[in-house]
Amino acid sequence: MYDIIIIGAGPAGMTAAVYALRADKTVLLIERGAFGGQMTFSPNIENFPGTVSASGSEIADKMVEQVINLGGEFELGEVTGIRDNGDTKTVIADCGEYEARAVVIATGVKHRMLGLDGEDELIGDGISFCAVCDGAFYKNKDVAVIGGGNSALQEAILLSDVCKSVTVIQNLDRLTGEGRLQKVIAEKSNVKVITSTVVTEYLKDSGAFCGVRVKNTGSGQETDIRADGVFVAIGLIPENGIFSELTELDARGYFASGEDCTTKTAGIFVAGDCRAKRIRQVATACADGAVAALSACEYLDK
Ligand SMILES: Cc1cc2nc3c(=O)[nH]c(=O)nc-3n(C[C@H](O)[C@H](O)[C@H](O)COP(=O)(O)OP(=O)(O)OC[C@H]3O[C@@H](n4cnc5c(N)ncnc54)[C@H](O)[C@@H]3O)c2cc1C
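No experiment lies behind these values; they were computed from the predicted model shown.

Trainee: So what's going on with the packing of aromatic side chains? Residues and values would help.
Mentor: If you walk through the whole model with that rule in mind, you get five aromatic pairs. Seen from their ring centres, Phe35 and Phe74 are 5.0 Å apart, and the 65 degrees between their planes marks the pair as edge-to-face. A residue pair is termed long-range when its members are at least 10 positions apart, and Phe35 in the loop between β2 (27–31) and α2 (56–69) and Phe74 in strand β3 (residues 73–76) qualify at 39 residues. The exposure class assigned to Phe35 is partly exposed, which follows from its relative accessible area of 30%. With a centroid separation of 5.6 Å and an interplanar angle of 75 degrees, the aromatic rings of Tyr138 and Phe231 are classed as edge-to-face. Placement of Tyr138 in the loop between α4 (131–134) and β9 (142–146) and of Phe231 in strand β15 (residues 229–232) is noted, with a sequence separation of 93 residues between them. Across the pair, exposure class does not vary: Tyr138 and Phe231 are buried alike. Note that Arg280 overlies the ring of Tyr254, its terminal NZ or CZ placed 4.0 Å from the centroid.

Put into structure tokens, the structure is as follows:
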């Protein structure tokens, strides 16, 4: 029996572990993929305080080391559900069933992808999902943004202040982001919008990303757009459905929990990108991890 089981070993989960372990709780982290979560896709993180510049994997390794040094345990496996037994919870995973007195769910989000060949290998090496995180790496360069909703337009506006040119590629015949954002985009001289166009291929030159091949959905005509980087902004996918009986989800599938990271089930807490929030970053995930862990400790100590 553990005091706290944490599902997901991204920055939210690992920060929760550090805080819980330092409060003398026993902790198991269950992770189905890379210890470190999404940030392990990033070759360079420059906005995490205390880290001038480091790859996401380097930051993740330090977090893992810190958790292990404090006595935390890790299991590699996919959690498929939680059984609420009242004062205890059973976490069901493909690697076994584990008992705890409290659970922190820190399962993050997945970025929706186009599903094109070679896409996974280009993440962090041509393909990005976050202008706040990676925009500075494309200073005075040409970039493309895929998508036409609010996120895509916000990414394009941020990038237009840094990059030489920004091409917004939208599959529909119009942008779907708010009119206010469309107006800002229209006033930007270095932003070009191409509608009714889908990306059909990521282009490479000597193995390095160099642009995208696009196809007009009306005429079928294909064109190559040269770009130093492409920002994919076609949506995020929270995968919280398996926990929906014990928590409340908002209309987009995020945990509808407030800043205290509690849920409708006593003893179950949520943290990080999986929670409804405006800014999804390493720093905000860590902040949630700290809050969720301390809320869990308070619950256990009552
Ligand atoms: C390419 C890229 C670059 C980025 N660059 C930056 C940057 O420069 N600065 C910055 O601040 N942010 C950056 N971010 C965003 C940042 O990485 C995220 O905001 C942060 O990782 C969120 O942390 P999290 O712990 O909430 O979730 P995640 O990092 O998504 O971690 C959740 C973990 O839970 C695991 N998981 C999910 N479901 C299950 C399950 N059922 N069972 C077991 N495990 C499960 C996942 O495998 C994952 O490892 C970047 C993101 C990407 C993709």
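There is more to say, and it comes next.
Trainee: Describe the site of the ligand, and please don't skip the residues or the numbers.
Mentor: In the vicinity of the ligand there are 32 residues, among which Glu31, Gln38, Asn47, Asp273 and Val282 approach most closely. Separating an oxygen atom of the ligand from a side-chain N or O atom of Gln38 is a distance of 2.9 Å. Burial of the ligand by the surrounding chains reaches 96%, relative to a free accessible area of 1000 Å². When contributions to the shell around the ligand are tallied by element, the ones reaching two or more residues are α1 (11–22), β2 and α7 (282–301). Class assignment for the residues of the shell around the ligand results in 15 nonpolar, 12 polar and five charged.

Trainee: Run through the packing of α1 against α2, naming residues and quoting values.
Mentor: Viewed as axis vectors pointing N to C, α1 and α2 meet at an angle of 25 degrees, and their least axial separation amounts to 9 Å. Here α2 runs roughly parallel to α1, going by the angle between their axes. The way α1 lies across α2 gives a crossing that is left-handed. Between α1 and α2, the contacting residues are Pro11, Met14, Ala17, Val18 and Leu21 on the first element and Ala60, Met63, Val64, Gln66 and Val67 on the second.

Trainee: Which residues make up the pairing of β3, and what values go with them?
Mentor: Pairing between β2 and β3: four bridges, direction parallel. The residue of β3 that forms the bridge with Glu31 is Leu76. Each parallel crossover has a hand, and the one from β2 via α2 to β3 is right-handed.

Trainee: Describe the side chain of Thr15, listing the residues and the values that go with them.
Mentor: Secondary-structure assignment places Thr15 in helix α1. Polar contacts involving the side chain of Thr15 include one to the main-chain carbonyl oxygen of Pro11, which spans 2.6 Å. Once you skip the residues sitting within four places of it in the chain, Thr15 turns out to touch Cys286, Gly289 and Ala290.

Trainee: Describe the pattern of salt bridges, and please don't skip the residues or the numbers.
Mentor: All told, the structure shown has 17 salt bridges when counted by the stated rule. For Glu78, the salt bridge identified is with Arg32, shortest N-O distance 3.3 Å. Here Glu78, found in the loop between β3 and β4 (79–84), pairs with Arg32, found in the loop between β2 and α2; they are 46 residues apart in sequence, far enough to count as distant. By relative accessible area, which is 34% here, Glu78 ends up partly exposed. One salt bridge in this structure joins Arg32 and Glu239, with 2.7 Å as the shortest N-O distance. Residue Arg32 is located in the loop between β2 and α2, and its partner Glu239 is located in the loop between β16 (236–238) and β17 (268–270); the two are separated by 207 residues in the primary sequence. Glu239 gets classed as partly exposed once you look at its relative accessible area, which sits at 33%. Among the charged side chains, a network of salt bridges with common partners joins Arg32, Glu78, Lys110 and Glu239.

Trainee: I'd like to hear about the sheet that holds strand β13 (residues 208–216), residue by residue, with values.
Mentor: Pairing in this open sheet of three strands is antiparallel, and the strands run β12-β13-β14 from one edge to the other. Looking at which strands have only one partner, the edges of the open sheet turn out to be β12 (197–205) and β14 (222–226). The mean angle between the axes of side-by-side strands here comes to 30 degrees, regardless of whether they run parallel or antiparallel. Note: β13 against β14, five bridges, orientation antiparallel. Within β14, the position partnered with Arg213 by the bridge is Asp224.

Reading the values: rules and limits
- Residues numbered from 1 in each chain as written.
- Predicted model: local features only at pLDDT ≥ 70, side-chain atom pairs only at ≥ 80, totals over all residues.
- Heavy atoms only, no water.
- Phe/Tyr/Trp six-rings, centres within 6.5 Å; stacked < 30°, edge-to-face > 60°.
- Helix = DSSP H or I, 4+ residues; strand = E, 2+ residues; numbered from the N terminus.
- Buried < 20%, exposed > 50% of the residue type's maximum accessible area, 1.4 Å probe, protein only.
- Lys NZ or Arg CZ within 6 Å of the ring centre and 35° of its normal.
- Near = heavy atom within 4 Å.
- Polar contact = N/O pair within 3.5 Å; in protein donor to acceptor, adjacent residues only side chain to side chain.
- Areas by Shrake-Rupley, 256 points an atom, 1.4 Å probe, with all protein chains shown as cover.
- Nonpolar A, V, L, I, M, F, W, Y, C, P; charged D, E, K, R; others polar.
- Axes fitted to C-alpha atoms, helices over the stretch in contact; angles between N-to-C directions.
- Parallel < 35°, antiparallel > 145°, perpendicular 65-115°, else oblique.
- Left-handed = near helix turned anticlockwise from the far one by under 90°.
- Contact = heavy atoms within 4.5 Å.
- Pairing = 2+ DSSP bridges.
- Right-handed = clockwise from strand over helix to strand, strands pointing away.
- Salt bridge = Lys/Arg side-chain N within 4 Å of Asp/Glu carboxyl O.

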